[in-house]
Amino acid sequence: MMEALKVIKQFRTITNTFFFYTTLLWLMTSNTLADELTTPEFTGLFSASAAGSYQKDNNDKKDKENNTDSSLTSLHQQDLRLMIDGNNNTISYELHSEIITTTQSSNIQNNTPGFQNIFQFNDMKYQLIQQQNNSTLYTGQIKADRLNIKANFETVDFRIGRQAISWGVGRFWQPTDIFGAFNAAELVRDYKTGIDVFNFNYYPNSFSNINLVYAFSANNNSNIGLRYAGPVSESIYLSLITANIEEDMIIGGSLESDWNGAGIRLESIAFPSEHNNNYQLYSVAGFDYQFENEWLLTTEIHYNNRGANSISEFENIVSGKHFQAGRLKQLSQQLIGISLQKSVTPLISVNYLWINAFLTRSQFYNSALHQLSAVYSLSNESDIRFTFITTTGKQVNNIGIPQSEFGHIPITASFLLRMYF
């Protein structure tokens, strides 16, 4: 019986792969469609970053014997994103490739698992170089981050291939972004990681749409989601979703509105419990408010049943399939995030982000991340960003398991230069 199931899963993976690539190839090489496309537009983005980190000593004397020595690490990374886009009234396509090179010098053990994108059945990546020289690691790779074609009609459109899907409405956390969300502390969000999907949209009117997404995954599971988004009134916007992700049935939605000049967001999903037949919740509530002096305040409260609520629960969370697949962005159940941002001058903007995680079972314990960022605009197509991060909380134990949400993250200072051409 088990052998039969393996054969069925392998057949389904092969079928998905064959259907995905052959359909995409046919669409991109069809003479009829090719004749309708305009001359493609070429754009490039060059990014160069340098970061230095210091692994601080554990401030808990009880855990001193389980903690690694303090040490420094540095990371230099260069990214070149080459983008080709073409479109007309009916057909459009995207092809984005990335060339990434890194140089990392480190004496710190990296206990963070390498997440696999479960919504890509082929990473479409080629390793150019991977060389270790003493404590320095040199890597280089090229990968396809967008490869898709889209057909537009009067009330429907569909896009097949590698693309970005964004369903969430949160600023730090996005529960309804079930096909992959940004990390809360991720400031640069120009391009979301592409996934391999068939993406169908129906537009009942000018203000609402129904979106069906099927992911061609390598995990042998049917990952499919359906979303409705539209206005309920002049000031309330609603979304509803249902999905089957990694054999989990998910339902949820979001509400966006405003009150006394503040933007208000509620976003939540329900999913089966791993321990009983009940459903668990992942919910976020947030608001935005801009003061008269132009400071923008953003606040969100995070609650997720799948997260840990005591130190002893972190080991099960880290070894669980949701964290290993990158679907669980935070280890803890309860967090609060607050950011303040402002354009100080027409060329300079600053952002301060504070995220605090709470553990309340057995005993109260908290861990915090502080992130200060400043951006200087060099021109309309380029800028430079400085970011400083510091954290509080317990570090990892002697087998590399985090003992708090942020304590294992080192003190980090980084520069990032970005230039479009």
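What you are looking at is a predicted structure, and each value in this text was computed from that prediction instead of being measured.

Student: Tell me about the overall build of the protein, and please be specific about residues and values.
Tutor: Summing up its helical and strand segments, the protein has 4 helices and 19 strands in all. The buried share among the 421 residues of the protein stands at 42%. A fraction of 55% describes how many contacts in the protein between residues 6 or more apart in sequence connect residues 24 or more apart.

Student: With reference to specific residues and values, describe the nonpolar core.
Tutor: Formed by 29 residues in total, the largest nonpolar core has its most connected members in W173, I178, F179 and I250. Contributing elements (two or more residues each) for this core: β7 (195-205), β8 (208-215), β10 (237-245), β12 (262-272), β13 (279-290) and β16 (348-359). Not counting residues within four places of it along the chain, the set of residues in contact with W173 comprises A184, E267, Y282, V284, E300, H302, Q330, L335, I336, G337 and I355. With 11 residues, the next largest nonpolar core counts A308, F314, I317 and I401 among its residues.

Student: Could you give me a rundown of the environment of A270, with the residues and numbers involved?
Tutor: Position of A270 among the secondary structure elements: in strand β12. Along the sequence, A270 and T176 sit 94 residues apart, while their C-alpha atoms lie 9.9 Å from each other. With residues near it in sequence (within four places) discarded, A270 still touches M249, I250, I251, Y279, Q280 and L281.

Student: How would you sum up unusual backbone geometry? Please name residues and give values.
Tutor: What is expected of a backbone is that most residues other than glycine have negative phi and most peptide bonds are trans. Its identity is not glycine, yet N134 carries a phi of approximately 55 degrees, on the positive side. Topologically, N134 is positioned in the loop between β4 (125-133) and β5 (136-152). Non-glycine residue N260 carries a positive phi angle of around 50 degrees. Summarising the element assignment, N260 is placed in the loop between β11 (248-259) and β12. For N260, a relative accessible area of 60% translates into the label exposed.

Student: Outline the environment of S222, listing residues and values.
Tutor: Tracing the backbone through its elements, the reader meets S222 in the loop between β8 and β9 (223-231). Here the alpha-carbon distance between S222 and E247, two residues 25 residues apart in the chain, equals 7.5 Å.

Student: Go over the confidence of the model for the protein with me, naming the residues and quoting the values.
Tutor: Predicted confidence across the protein gives a mean pLDDT of 87, with 86% of residues reaching 70 or more. Of the regions scoring below 50 in pLDDT, residues 61-69 engages in 12 contacts with residues more than four places distant in sequence or in other chains.

Student: Quick rundown of the packing of aromatic side chains? Include the residues and the values.
Tutor: Applying the stated rule across the entire model yields 11 aromatic pairs. Ring centres of Y289 and F291 lie 5.1 Å apart, and the angle between their planes is 80 degrees; on these two criteria the pair is classed as edge-to-face. For Y289, a relative accessible area of 30% translates into the label partly exposed. Centre to centre, the rings of F386 and F415 are 5.2 Å apart; their planes meet at 50 degrees, and the pair counts as tilted. Separated by 29 residues along the polypeptide, F386 in strand β18 (residues 382-392) and F415 in strand β19 (residues 411-420) bring together distant segments of the chain. Among the aromatic residues, those joined into a cluster by ring pairs are F119, W167 and F179. Against the face of Y191 rests R81, its NZ or CZ located 4.3 Å from the ring centre. It is K394 that lies over the ring of Y365; its NZ or CZ is 5.5 Å from the centre.

Student: Please set out the pattern of salt bridges residue by residue, giving values where relevant.
Tutor: With the rule as written, the count across this model stands at 14 salt bridges. For R81, the salt bridge identified is with E98, shortest N-O distance 3.6 Å. In this pair, R81 is assigned in strand β2 (residues 72-87) and E98 in strand β3 (residues 91-106), connecting sequence segments 17 residues apart. Comparing R81 with E98 shows no difference in burial state: the two are buried.

Student: Please give an account of the side chain of D383 that cites residues and values.
Tutor: Assignment of secondary structure puts D383 in strand β18. Setting aside residues no more than four positions away along its own chain, D383 makes contact with V375, Y376, S377, L378, L416, L417 and R418.

Student: Explain the environment of P402 residue by residue, including any values.
Tutor: Note that P402 resides in the loop between β18 and β19. Sequence separation between P402 and F314 is 88 residues, and the spatial gap between their C-alpha atoms is 6.5 Å. In this structure, P402 is in contact with F314, V318, L331, Q395, V396 and H408, ignoring residues within four places of it in sequence.

Student: Go over the pairing of β10, please, and point to the residues and values.
Tutor: Walk down a regular strand and you will see the side chains alternate between the two sheet faces. Judged from the 8 bridges that link them, β9 and β10 form a sheet pairing that is antiparallel. By the bridge assignment, Y228 is partnered in β10 with L240. In this structure, the hairpin formed by β9 and β10 is closed by a connection of 5 residues. For β10 and β11, the ladder comprises 9 bridges, and the chain directions are antiparallel. By the bridge assignment for β11, S239 is matched with S254.

Thresholds applied
- Residues numbered from 1 in each chain as written.
- Predicted model: local features only at pLDDT ≥ 70, side-chain atom pairs only at ≥ 80, totals over all residues.
- Heavy atoms only, no water.
- Helix = DSSP H or I, 4+ residues; strand = E, 2+ residues; numbered from the N terminus.
- Buried < 20%, exposed > 50% of the residue type's maximum accessible area, 1.4 Å probe, protein only.
- Contact = heavy atoms within 4.5 Å.
- Core = buried A, V, L, I, M, F, W, Y, C linked by side-chain atoms within 4.5 Å.
- pLDDT = per-residue confidence, 0-100.
- Phe/Tyr/Trp six-rings, centres within 6.5 Å; stacked < 30°, edge-to-face > 60°.
- Lys NZ or Arg CZ within 6 Å of the ring centre and 35° of its normal.
- Salt bridge = Lys/Arg side-chain N within 4 Å of Asp/Glu carboxyl O.
- Pairing = 2+ DSSP bridges.

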